[in-house]
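Inside the fold
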Amino acid sequence: MVKPIVAVVGRPNVGKSTLFNKIAGSRISIVEDTPGVTRDRIYADCEWIGKPFTLIDTGGIEPHSNDIILAQMRRQAQLAIDTADVIVFIVDGREGMTAADLDVANMIRKSMRPIVLVVNKVENKEIENNLYEFYNLGLGDPMPISAEQALGLGDMLDRVVENFPRTAGDGDEDTRLKIAVLGKPNAGKSTLVNRLIGEERVIVSDVPGTTRDAIDTPFQYYGEEYVLTDTAGLRRKSKVYDDIERYSIVRSVAAVDRSDVCLILIDANDGISEQDAKIAGIAHNRGKASVIVVNKWDAYEAKNQGSQKKFESDVRSTLSFMAYAPIIFISAKTGQRLNKVMETILLVSNEYAKRITTGTLNEVIGEAVLMNQPPSDKGRRLKIYYATQGAIKPPTFIIFVNDKRLLHFSYERFLENQIRQAFGFIGTPIHLIIRERK
Ligand code: GDP
Ligand code: GDP
């Protein structure tokens, strides 16, 4: 099921960060456990009354003059419109309504997204009297809160959750494979997307209705229907915020959440960078299948006589957390090896949904244990009783042991490697859940 995205938008100093931190608690990260990737506070996985959602902070850069504030707010608002299911628009109850508030309100109102108008810093009755002027924003009833003192947050989140898109009814599950095309600005995403949906692969229809469908592009390949999950901004190629790393990260999160398979596009001319690692880290941490696509290979070859091995080893070392992902070298522009793209997507999507029978799995685990004795501590040795595959997408294995603390990270890695050696699971992360059974 798709996790809704909630974006917080507002002027500098209205309390966006404070609100974000209050809602997200400590679960804030861009890539939780991915080694070699810098942490950053851009989005967080949250939950309210049993409903999970992704909270994004569209702010980040501190503008100085009023002109810049307005331009920056418009960008934020556009980003929220492009990616979010619900927009939380936050204003300052102590300062009252400003021209910038009104400007942004007009912009987001036109987007037809659900908007929750929140007036922050309302800690007493006196300030509550200021609430009425915010009706002028035309965004419905303003909700008073105090982010700092955690007042009114429950009512606010109730309102946010009420506005989540309704999920399709039972038996109505969308079974089409969903593909996200990720990568830095200029990596060639639009060019590749146009190739994939162009010519012989007909665009089926642009289903209107929910906001989500409107930004997904269905296409056919050998008679099967697939969906490219872009964000609207990606397709429109709004260069407005293309240069800003934060925005490409937020857009990536939005696209990744809705997809099964991620194409991580690398611009061969630029080499592999930390930003590529951040983007790949999103797909990895959110448990999606991935294909690493080195694009613009035509241009690279022309200049460097194509040292593919060297390039590959650079990619492997920067994206070391994603050793399972296949790498392909293509040119979206000339069409070189383009057939590899769908071929590899189909390969990894099968792996992503693969099920291993419990019997076969336990044979492999049993052999692994014979080959490499489990670790022990103070005379107590790890015992692995039993393993079973609990889920697919991504493949998730539950391993029952006598004592969790004895199962070190290195032995866990060993088990994962043995599972991969036996069953492949090309292109997909696999999750191990360790349970104790006394
Ligand atoms: P941002 O720039 O929108 O992210 O705003 P911050 O979260 O950094 O907050 C700006 C300032 O407003 C800080 O000094 C906060 O302590 C203060 N602030 C945030 N929430 C509240 C609140 O609910 N009440 C009051 N009185 N101050 C707040
Ligand atoms: P996006 O920002 O990731 O959507 O990138 P675009 O698809 O707009 O491509 C950025 C630029 O790279 C454009 O000028 C493209 O023509 C160029 N480009 C895209 N793919 C290739 C490729 O395979 N080879 C070469 N030489 N240029 C490419």
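As a starting point, this report considers the structure included with it. Just so we're clear, the structure is a prediction, and the values are computed from it rather than from any experiment. (Residues numbered from 1 in each chain as written. Chains lettered and ligands numbered in written order. Predicted model: local features only at pLDDT ≥ 70, side-chain atom pairs only at ≥ 80, totals over all residues.)

1. Looking at the site of ligand 2
Cut-off, in case you're wondering: Defining nearness, a residue is near a molecule or strand when the C-beta atom obtained from its backbone falls within 6 Å of it. A helix here means a DSSP run of H or I that spans at least four residues, while a strand means a run of E at least two residues long, and both kinds are numbered starting from the N terminus. Ten residues, namely Ala, Val, Leu, Ile, Met, Phe, Trp, Tyr, Cys and Pro, are considered nonpolar, four, namely Asp, Glu, Lys and Arg, are considered charged, and the remaining ones, Gly among them, are considered polar.
Not every one of the 15 residues close to ligand 2 is listed here, only the nearest: G188, K189, S190, T191 and K333. In terms of residues, the shell around ligand 2 owes the most to one element, helix α6 (residues 189–197), which gives 3 residues. By residue class, the composition of the shell around ligand 2 is 4 nonpolar, 7 polar and 4 charged.

2. Topic: the environment of D216
The following threshold applies: Here the C-beta atoms are placed from the backbone, and a residue counts as buried if at least 20 other C-beta atoms lie within 10 Å of its own, exposed if 12 or fewer do, and partly exposed otherwise. Placing C-beta atoms from the backbone, we regard two residues as in contact once those atoms come within 7 Å.
On the secondary structure map, D216 appears in strand β8 (residues 216–221). By C-beta crowding, D216 is classed as buried, having 20 other C-beta atoms within 10 Å. Sequence separation of D216 and T229 is 13 residues, and the distance between their C-alpha atoms is 4.9 Å. Excluding anything up to four places from it in sequence, D216 contacts V227, L228 and T229.

3. Quick look at the site of ligand 1
Surveying the vicinity of ligand 1 reveals 16 residues, the closest of which are G15, K16, S17, T18 and E148. Here the element with the most residues in the shell around ligand 1 is helix α1 (residues 16–24); it accounts for 3 residues. Its residues placed into classes, the shell around ligand 1 shows 3 nonpolar, 9 polar and 4 charged.

4. As for the nonpolar core
Taken as a class, soluble globular proteins show a tendency for nonpolar side chains to be buried jointly. The condition is simple: For our purposes the nonpolar core covers buried Ala, Val, Leu, Ile, Met, Phe, Trp, Tyr and Cys residues that link as a set through C-beta atoms within 7 Å.
Within the largest apolar cluster, 97 residues are counted, with the highest numbers of intra-cluster contacts made by V88, F89, L182 and I264. Sorting elements by how many residues they give to this core places helix α9 (residues 245–257) first, with 7 residues. Ignoring any residue separated from it by four or fewer positions in sequence, one finds F89 in contact with V9, G10, A105, I108, I115, L117, V118 and L139. Residues L361, A387, I399 and L415 belong to the second largest nonpolar core, which totals 8 residues.

5. Notes on the pairing of strand β3 (residues 51–57)
Each regular strand shows side chains that alternate between the opposite faces of the sheet. Formally: In this description, strands pair whenever DSSP reports at least two bridges between them.
Where burial is concerned, most of β3 is hidden: 5 out of the 7 residues are buried. In terms of strand pairing, strand β1 (residues 5–10) meets β3 through 4 bridges, oriented parallel. Counted as the bridge partner of V6 is L55 from β3. Where strand β2 (residues 43–48) and β3 come together, 6 bridges link them in antiparallel fashion. Across the sheet, the residue bridging to A44 is L55, located in β3. Linking β2 to β3, which pair antiparallel, is a turn of 2 residues; within it I49 sits at a positive phi near 35 degrees.

6. Focus on the sheet that holds strand β7 (residues 177–183)
Rules: Throughout, an axis means a line fitted to C-alpha atoms (over the contacting stretch in the case of helices), and angles, computed between N-to-C directions, take values from 0 to 180 degrees.
Spatial strand order, β8-β9-β7-β10-β11-β12: 6 strands in an open sheet with mixed pairing. Of all the strands in the sheet, the pair left with one neighbour each is β8 and β12 (327–329). For this sheet, the mean angle separating the axes of adjacent strands, direction not counted, is 30 degrees. Strand direction decides the pairing type here: strand β10 (residues 261–267) and strand β11 (residues 289–295), joined by 7 bridges, are parallel. Considered in β11, the bridge of I266 is made with V294. Against the sheet, α6 engages β7, β8, β9 (224–229), β10 and β11, with an angle of about 155 degrees to β7.

7. Focus on the packing of helix α14 (residues 358–371) against helix α15 (residues 409–423)
The condition is simple: Every angle not falling under 35 degrees, over 145, or within 65 to 115 is termed oblique; those three ranges are roughly parallel, roughly antiparallel and roughly perpendicular. Here a crossing is called left-handed whenever its near helix is offset anticlockwise from the far helix by less than a right angle, and right-handed whenever the offset is clockwise.
Where α14 meets α15, the axes come as close as 10 Å, and the angle between the chain directions of the two elements is 130 degrees. Between α14 and α15, the angle is such that the two are oblique. In this structure, α14 meets α15 at a crossing whose hand is right-handed. Contact residues: α14 offers V364, I365 and A368, while α15 offers L415, Q418, I419 and A422. Here the residues of the contact of α14 with α15 are counted per class, giving 6 nonpolar, 1 polar and no charged.

8. A look at the environment of E95
Here E95 shows up in the loop between β4 (86–92) and α3 (99–110). The class of E95 is partly exposed, set by 14 C-beta atoms lying within 10 Å. The spacing of E95 and N402 is 307 residues in sequence and 59 Å in space, taken between C-alpha atoms.

9. Focus: the environment of W48
Summarising the element assignment, W48 is placed in strand β2. By the C-beta count within 10 Å, which is 17 here, W48 ends up partly exposed. Those residues within four positions of W48 in sequence are excluded, and the remaining contacts are L157 and V161.

10. Notes on the sheet that holds β2
Read from one edge to the other, the open sheet built from 6 strands follows the order β2-β3-β1-β4-β5-β6, with strand pairing classed as mixed. Where the open sheet ends on each side, the last strands, each with one partner, are β2 and β6 (143–144). Contacting β1, β4 and β5 (115–120), α3 runs over the sheet at an angle of about 165 degrees to β4. The strands touched by helix α5 (residues 153–162) within the sheet are β1, β2, β3, β4, β5 and β6, with β5 carrying the most contacts at an inclination of about 165 degrees.

11. Considering unusual backbone geometry
Geometrically, the link from K393 to P394 is a cis peptide bond, its omega value of 0 degrees lying close to zero. Examined against the element boundaries, P394 turns out to sit in the loop between β15 (384–391) and β16 (396–401). In this structure, F425 takes a positive phi of about 55 degrees despite not being glycine. Along the chain, the position of F425 falls in the loop between α15 and β17 (431–436).

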